[in-house]
Amino acid sequence: MVRVRFAPSPTGHLHIGGARTALFNWLFARHHNGKFILRIEDTDRSRSTEEYIESIIEAMKWLGLDWDEGPFRQTERMETYKAYAYKLLEEGKAYRCYCTPEELEERRQQAMKEGKPPRYDRRCREIKETLNKPFAIRFKMPLEGETVVDDLVKGNVTFKNSEIEDLVILRSDGTPTYNFCVVVDDFEMKITHVIRGEDHLNNTPKQIHIYHALGMNPPAFAHIPMILGTDRARLSKRHGATSVLSYRDEGYLSEALVNFLARLGWSYGDQEIFTREELIKYFNLEQVGKANAVFNAEKLLWLNSEYIKLMPEEKLFELVTPFLIKEGYLKESETVDTGWACRAIKSLKERCRTLKELAHAMRYYLLDYVEIEPKAKEKYINAETIPILREITEQLEALEEFTQERIEKIFMDMVNEKGLKLGQVAQPVRVVMTGSTVSPGIYEVLEIVGKEKTLKRLRRVIGAS
RNA sequence: GGUCCCAUCGUCUAGCCAGGUCGAGGACGUAGCCCUCUCAAGGCUAAAACACGGGUUCGAAUCCCGUUGGGACCGCCA
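Every value quoted in this text rests on a predicted model; they were computed, and no experiment measured them.

Enquirer: Please explain the overall build of chain A as it appears in this structure.
Expert: When its secondary structure is counted, chain A shows 20 helices and 12 strands. Projected onto its principal axes, the C-alpha coordinates of chain A cover approximately 105 × 45 × 40 Å. Scored against the burial criterion, the 465 residues of chain A give a buried share of 51%. Put simply, 76% of the contacts in chain A that link residues at least 6 apart link residues at least 24 apart. When the accessible surface of chain A is summed, it comes to about 22900 Å², and 49% of that surface belongs to carbon and sulfur atoms. Averaging the locations of the 69 positively and 72 negatively charged side chains of chain A gives two centres separated by 3 Å.

Structure (structure tokens):
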């Protein structure tokens with residue numbers, strides 16, 4: 001039985017990199033009919049917050065990454081780690097270190113200055129007696145030999161044991177450190193595959209030794225490449241929006257984000273668009289690449305637009321409503337006819353890349369009047385076009401059946417009678433109706449806006465001139 | 001600085017493990033054309049890459065070595 005976990009630390013919102021790690025784990029679990037466990041690594045009490053835990057959970061839910069066990073919290077398991085740490089101490093596999101953090105920091109700076117590796121010098125390792133001073137517990141790494149990490153993505157990676165430092169496993173305040181907790185937790189939670197970012201690859205030999213010292217078998221490891229920003233540095237806040245929830249708030253669909261994230265570092269031939277079922281069916285570690293990937297925001301936007309095109313109008317209406325309210329195009333108490341809203345959305349969906357864009361475009365269907373862009377106004381609403389607009393207004397006023405077909409006939413008749421080009425009529429009307437020179441087909445727009453609002457807007461323009 | 005990882009179009013990538021079918025395929029983006037009431041969508045076309053140098057081999061994007069370049073880690077953070 002495959003058991004994997006996603007173990008974020010609640011020191012920030014769930015970001016793009018973390019989300020992809022979570023997704024790969026989730027996909028791997030679902031593909032193998034295994035279990036996906038959520039574990040909150042909150043041993044850093046000073047930086048972890050409840051707010052971030054909630055935010056991470058919200059993001060996971062939004063992405064549809066459901067977990068089978070947890071969320072477990074390391075802070076609830078402090079006594080367990082402590083017991084294991086003291087077990088190692090008693091067995092002579094770890095030792096008390098009386099160096100203070102200040103001293104260590106000083107030595108580290110000194111070493112850096114001298115160009116030496118800034119590693120702990122193991123000075124407390126040989127102290128036999130127990131001193132009456134505050135201490136941290138350090139793990140005794142083997143001094144010689146090699147450790148091989150058999151990584152499912154990277155292959156065999158070999159480390160010299162002499163390069164691995166005696167890491168602190170229990171702080172002087174009695175709290176355990178990350179590298180120790182993961183080992184204990186992954187063992188106790190019976191994790192079979194640890195799939196995590198490549199930034200943890202260098203930690204792996206340390207963890208392997210801890211497993212062995214504790215008499216445990218290490219799980220399989222898979223280190224997936226990093227996600228980089230456009231400047232090729234690891235993706236961070238500097239690169240703009242990196243939190244998953246900010247993509248939700250910007251009008252991205254979770255399906256699109258999931259699809260995008262899946263293709264960052266993993267591929268299935270030439271296929272770009274996958275349903276969630278396909279992702280589960282095809283996902284494997286063999287097809288995960290080794291090279292880091294740059295986050296390509298343009299491609300995400302394209303994928304999002306593809307998903308918007310594929311999504312039924314009813315569903316889009318449901319998703320776009322909060323944006324409509326937020327933008328003030330719709331009052332919270334206001335109800336709109338769903339059939340009508342769907343027609344409106346259908347006319348716009350292939351022109352919008354995000355829900356936010358869709359909401360914005362819908363303003364000219366919902367509002368009574370729209371603001372007209374100055375440039376468009378100057379070009380299309382002037383002495384030349386006013387007579388045309390007046391004429392079309394009269395024609396439309398007389399129209400009983402306010403449908404696309406009838407509206408089109410009015411436009412065409414007028415164009416034919418006056419020897420005009422369609423654009424000479426359509427563009428001014430478009431500008432009056434939508435405030436811009438860009439919109440869906442003008443007959444469709446008029447029908448959806450409806451006779452009443454159409455005439456209102458036209459009259460205001462021709463009257464004002 | 002040390003250790004570790006990585007290297008195909010600007011970007012995501014297929015191909016690499018089992019060398020020949022690769023004069024390197026797809027996608028995003030870019031440019032042009034078609035369609036057209038505008039903008040999209042759609043269709044067609046184009047420019048665009050095997051980092052470099054050595055081997056091995058009849059033959060290398062694919063295997064080996066080196067160089068260069070990029071990334072990560074080196075905490076009583078996770």
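We are not done yet, so read on.
Enquirer: Is there a simple way to think about the state of the cysteines in this case?
Expert: Note on terminology: a disulfide is the covalent bond linking the sulfur atoms of two cysteines. Under the definition given, this model contains zero disulfides. Free cysteine: Cys 97, not disulfide-bonded; nearest cysteine sulfur from Cys 99 at 3.8 Å. By relative accessible area, which is 1% here, Cys 97 ends up buried. No disulfide involves Cys 352; its nearest neighbouring cysteine sulfur is the one of Cys 342, lying 15 Å away.

Enquirer: For this particular structure, what's the right way to read the pattern of salt bridges?
Expert: Pairing between side chains of opposite charge can happen when the charged atoms of each approach one another. A complete count under the given rule lists 37 salt bridges for this structure. The shortest N-O distance in the salt bridge between Glu 105 and Arg 108 comes to 3.8 Å. With Glu 105 and Arg 108 both in helix H4 (residues 101-113) and three residues apart, this pair spans about one turn of that helix. Among the residues examined, Glu 105 registers a relative accessible area of 37% and is labelled partly exposed. Take Arg 108: its relative accessible area is 35%, and that puts it in the partly exposed class.

Enquirer: Honestly, the packing of helix H5 (residues 178-188) against helix H6 (residues 204-213) in this entry has me stumped. Any pointers?
Expert: Packed helix pairs are characterised by how far apart their axes lie and by the angle those axes make with each other. Across the interface, H5 lies against H6 with an axial gap of 10 Å and an inter-helix angle of 55°. One finds that H5 runs oblique with respect to H6. Considering the relative orientation of H5 and H6, their crossing is right-handed. From H5, Tyr 178, Asn 179, Phe 180, Val 182, Val 183, Asp 186 and Phe 187 reach across to H6, where they touch Gln 207, Ile 210 and Tyr 211. Residue classes in the contact of H5 with H6 are distributed as seven nonpolar, two polar and one charged.

Enquirer: Please clarify how the sheet that holds strand S1 (residues 3-6) should be interpreted in this entry.
Expert: One key point about sheets: their strands pair by backbone hydrogen bonds, in either a parallel or an antiparallel sense. Pairing is parallel in the open sheet, where three strands are placed in the order S1-S2-S3. Whereas interior strands pair on both sides, the edge strands pair on one side only; in this sheet they are S1 and strand S3 (69-73). Recorded for the sheet is a direction-independent mean angle of 25° between the axes of neighbouring strands. Pairing geometry for S1 and strand S2 (residues 35-40), over four bridges, is parallel. Following the sheet pairing, Phe 6 is matched in S2 by Leu 38. Contacts from helix H1 (residues 16-31) reach S1 and S2, with the element oriented near 165° to S1. Here helix H2 (residues 50-63) sits on the sheet in contact with S1, S2 and S3, set at roughly 160° to S2.

Enquirer: Help me understand the pairing of S1 in this model?
Expert: The side chains of a regular strand alternate, first on one face of the sheet and then on the other. Side chains Arg 3 and Arg 5 of S1 all project onto a buried face; the interleaved residues Val 4 and Phe 6 project onto the opposite face, where all are buried too. Viewed along the sheet, the connection from S1 through H1 into S2 turns out right-handed.

Enquirer: What exactly am I supposed to notice about the sheet that holds strand S8 (residues 168-170) here?
Expert: An order of S4-S5-S8 is seen for the three strands of this open sheet, with the pairing classed as antiparallel. What marks the edges here is a single partner per strand, and that holds for strand S4 (94-97) and S8. Recorded for the sheet is a direction-independent mean angle of 45° between the axes of neighbouring strands. As paired strands, strand S5 (residues 136-139) and S8 are joined by two bridges and run antiparallel to one another. Opposite Arg 138, over in S8, you have Val 168 as the bridge partner.

Enquirer: Any chance you could explain unusual backbone geometry here in plain terms?
Expert: Glycine aside, the phi torsion of most residues is negative, and most peptide linkages are trans. Each neighbour pair has its own omega, and for Gly 70 with Pro 71 the value is 0°, a cis peptide bond. Phi angles above zero are rare outside glycine, and Arg 122 is one such case at about 60°. Looking at the secondary structure, you find Arg 122 in the loop between H4 and S5. At Lys 190, a residue that is not glycine, the phi angle is positive and equals roughly 55°. Residue position: Lys 190 is located in the loop between H5 and strand S9 (193-197).

Enquirer: Help me out: how do you make sense of the protein's contact with RNA strand B in this one?
Expert: Taken together, 66 residues lie around RNA strand B, and Cys 99, Arg 171, Gly 265, Arg 351 and Arg 430 are the ones closest in. When the atoms of RNA strand B within 4 Å of the protein are grouped by moiety, sugar and phosphate amount to 70% of the total. Take Arg 108: an N or O atom from its side chain is 2.9 Å from a sugar or linking oxygen of RNA strand B. Between a phosphate oxygen of RNA strand B and a side-chain N or O atom of Arg 234, the distance comes to 2.6 Å. Per-element tally for the surface near RNA strand B: the top contributor is helix H10 (residues 297-310), with five residues. Per-class residue counts for the surface near RNA strand B are 21 nonpolar, 21 polar and 24 charged.

Enquirer: Teacher, can you tell me more about the packing of helix H3 (residues 78-90) against H5 here?
Expert: H5 packs onto H3 with a crossing angle of 105° between their chain directions and a minimal axis gap of 10 Å. Taken together, the axes of H3 and H5 are roughly perpendicular relative to one another. Across the interface between the two elements, Thr 80, Tyr 81, Tyr 84, Ala 85 and Leu 88 of H3 pack against Phe 180, Cys 181, Val 184, Asp 185, Phe 187 and Glu 188 of H5. Split into classes, the residues belonging to the contact of H3 with H5 amount to eight nonpolar, one polar and two charged.

Enquirer: What's the story with the pairing of strand S7 (residues 155-160) in this structure? I'm lost.
Expert: Where strand S6 (residues 146-151) lies against S7, six bridges are found, and the strand directions are antiparallel. Bridge pairing in S7 places Asp 150 opposite Asn 156. Counting the residues in the hairpin turn of S6 and S7 gives three residues.

Calculation notes
- Residues numbered from 1 in each chain as written.
- Chains lettered and ligands numbered in written order.
- Predicted model: local features only at pLDDT ≥ 70, side-chain atom pairs only at ≥ 80, totals over all residues.
- Heavy atoms only, no water.
- Helix = DSSP H or I, 4+ residues; strand = E, 2+ residues; numbered from the N terminus.
- Buried < 20%, exposed > 50% of the residue type's maximum accessible area, 1.4 Å probe, protein only.
- Contact = heavy atoms within 4.5 Å.
- Areas by Shrake-Rupley, 256 points an atom, 1.4 Å probe, with all protein chains shown as cover.
- Lys, Arg positive; Asp, Glu negative; His and termini not counted.
- Charge placed at Lys NZ, Arg CZ, Asp CG, Glu CD.
- Disulfide = S-S within 2.5 Å.
- Salt bridge = Lys/Arg side-chain N within 4 Å of Asp/Glu carboxyl O.
- Axes fitted to C-alpha atoms, helices over the stretch in contact; angles between N-to-C directions.
- Parallel < 35°, antiparallel > 145°, perpendicular 65-115°, else oblique.
- Left-handed = near helix turned anticlockwise from the far one by under 90°.
- Nonpolar A, V, L, I, M, F, W, Y, C, P; charged D, E, K, R; others polar.
- Pairing = 2+ DSSP bridges.
- Right-handed = clockwise from strand over helix to strand, strands pointing away.
- Near = heavy atom within 4 Å.
- Polar contact = N/O pair within 3.5 Å; in protein donor to acceptor, adjacent residues only side chain to side chain.

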